[in-house]
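Listed here are the chains, written in short residue letters.
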Amino acid sequence: MSKNYYDILQVNENASPEIIEKAYKVLAKKYHPDLQTPENKIQAEEILKEINEAYEILSDAGKKHIYDNSLAEERERKEKQQQQTYTNAIPKTDYTREKESHLKSQQKLLYEQQLQREKQYQEELRKRQEELAYQECLQHARQKAYHDAYIQDLKNRGYKIRYKKSLKDYIKGFLTLIITLFILFLLWQIPFVQDYFFNFLQQFKIN
């Protein structure tokens with residue numbers, strides 16, 4: 001991993017979202033191209049680009065979680081490489097072999113713990129999303145129940161409820177009228193219908 005976003009924003013890895021945001025604002029103002037001399041403007045633009053990239057990751061809880069995991073994996077990989085280099089540099093004895101086996105067991109345990117934490121995080125995230133969806137559905141149901149009760153109360157008091165028609169309602173009514181006229185036109189083309197209509201008019205005139 002070539003970039004450390006915490007180093008770019010000059011904050012600790014345990015920094016709160018407020019501190020991260022404050023550090024971003026200070027650095028963004030410091031390296032804003034409009035505030036630089038002509039010879040430093042290009043360099044400031046590159047630095048500001050990295051600052052924006054770092055803030056985009058660290059200000060988003062989901063992206064920050066993924067980045068923190070990748071950062072931890074990178075450090076663990078470097079530690080493994082250093083340990084492997086050290087192990088290869090000395091003669092292997094029963095003690096060193098036992099130590100290597102112990103280290104591998106620890107690494108495996110750490111990896112399993114990391115996977116478990118990731119699963120717990122995903123499960124908690126899923127539960128939060130389900131809870132938010134449930135709350136939204138419950139809020140919508142409450143609003144609808146309150147609205148229906150209010151309308152029913154007005155009707156009980158003798159008020160006439162008139163709903164303002166939207167453009168969609170007018171379009172639906174217009175289409176319904178067109179379809180009805182078209183069906184009547186098709187029926188009029190049937191001789192039986194014409195004969196029935198004329199006979200009905202004649203009976204109406206006679207009466």
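Before reading on, note that the structure itself is shown above.
Residues numbered from 1 in each chain as written. Predicted model: local features only at pLDDT ≥ 70, side-chain atom pairs only at ≥ 80, totals over all residues. Heavy atoms only, no water.

Here the focus is helix H2 (residues 17–30). With 14 residues, H2 should reach 20 Å at 1.5 Å per residue; the first-to-last C-alpha distance of 20 Å fits that figure. Listed in full, the buried residues belonging to H2 are Ile-20, Ala-23, Leu-27 and Ala-28. Seen end-on, H2 carries its buried residues on one side only, within an arc spanning 130 degrees. Along H2, the residues that are exposed and aim more than 90 degrees away from the buried face are Glu-18, Lys-22, Lys-25, Val-26 and Lys-29. (Helix = DSSP H or I, 4+ residues; strand = E, 2+ residues; numbered from the N terminus. Expected span 1.5 Å × (residues − 1). Buried < 20%, exposed > 50% of the residue type's maximum accessible area, 1.4 Å probe, protein only. Arc of directions from axis to C-beta.)

A few words on unusual backbone geometry. Backbone geometry places Gln-10, a non-glycine residue, at a positive phi of 60 degrees. As for its position among the elements, Gln-10 is in the loop between helix H1 (5–9) and H2. Residue Gln-10 is classed as exposed on the basis of its relative accessible area of 60%.

Looking now at the side chain of Gln-114. Relative to the assigned elements, Gln-114 resides in helix H5 (residues 94–156). Look at Gln-114 and you get buried, because its relative accessible area is 14%. A distance of 3.4 Å separates the side chain of Gln-114 from the side chain of Glu-73, its partner in a polar contact. Apart from the residues within four sequence positions on either side, Gln-114 is in contact with Asn-69, Glu-73 and Glu-76. (Polar contact = N/O pair within 3.5 Å; in protein donor to acceptor, adjacent residues only side chain to side chain. Contact = heavy atoms within 4.5 Å.)

Take a negative patch on the surface next. A surface patch of like charges, here negative, comprises Asp-34, Glu-45, Glu-46 and Glu-50. Structurally, Asp-34 can be placed in the loop between H2 and helix H3 (41–58). In this structure Asp-34 comes out as exposed when scored by relative accessible area, which is 59%. (Patch = residues over 30% accessible without salt bridge, like charges linked within 9 Å, V, L, I, M, F, W, Y side chains within 5 Å. Areas by Shrake-Rupley, 256 points an atom, 1.4 Å probe, with all protein chains shown as cover. Salt bridge = Lys/Arg side-chain N within 4 Å of Asp/Glu carboxyl O. Lys, Arg positive; Asp, Glu negative; His and termini not counted. Charge placed at Lys NZ, Arg CZ, Asp CG, Glu CD.)

On to the packing of H2 against H3, then. The axes of two packed helices give the description: the angle between them and the distance between them. It is the contact of H2 with H3, at a shortest axis distance of 10 Å, that shows an interaxial angle of 165 degrees. Here H2 is positioned roughly antiparallel relative to H3, judged by the angle of their axes. The handedness of the crossing between H2 and H3 comes out as left-handed. Here H2 contributes Ile-20, Glu-21, Tyr-24, Leu-27 and Ala-28 to the contact with H3, which in turn contributes Leu-48, Ile-51, Asn-52, Tyr-55 and Leu-58. A per-class count over the contact of H2 with H3 returns eight nonpolar, one polar and one charged. (Axes fitted to C-alpha atoms, helices over the stretch in contact; angles between N-to-C directions. Parallel < 35°, antiparallel > 145°, perpendicular 65-115°, else oblique. Left-handed = near helix turned anticlockwise from the far one by under 90°. Nonpolar A, V, L, I, M, F, W, Y, C, P; charged D, E, K, R; others polar.)

Tyr-5, Tyr-6, Leu-9, Val-11, Ile-20, Leu-58 and Tyr-67 are the most contacted members of the largest nonpolar core, which has 15 residues in total. Those elements that provide at least two residues to this core are H1, H2, H3 and helix H4 (61–89). If near-sequence neighbours (up to four positions away) are discounted, Tyr-6 is found in contact with Val-11, Asn-12, Glu-13, Leu-58, Lys-64, Tyr-67, Asp-68 and Leu-71. (Core = buried A, V, L, I, M, F, W, Y, C linked by side-chain atoms within 4.5 Å.)

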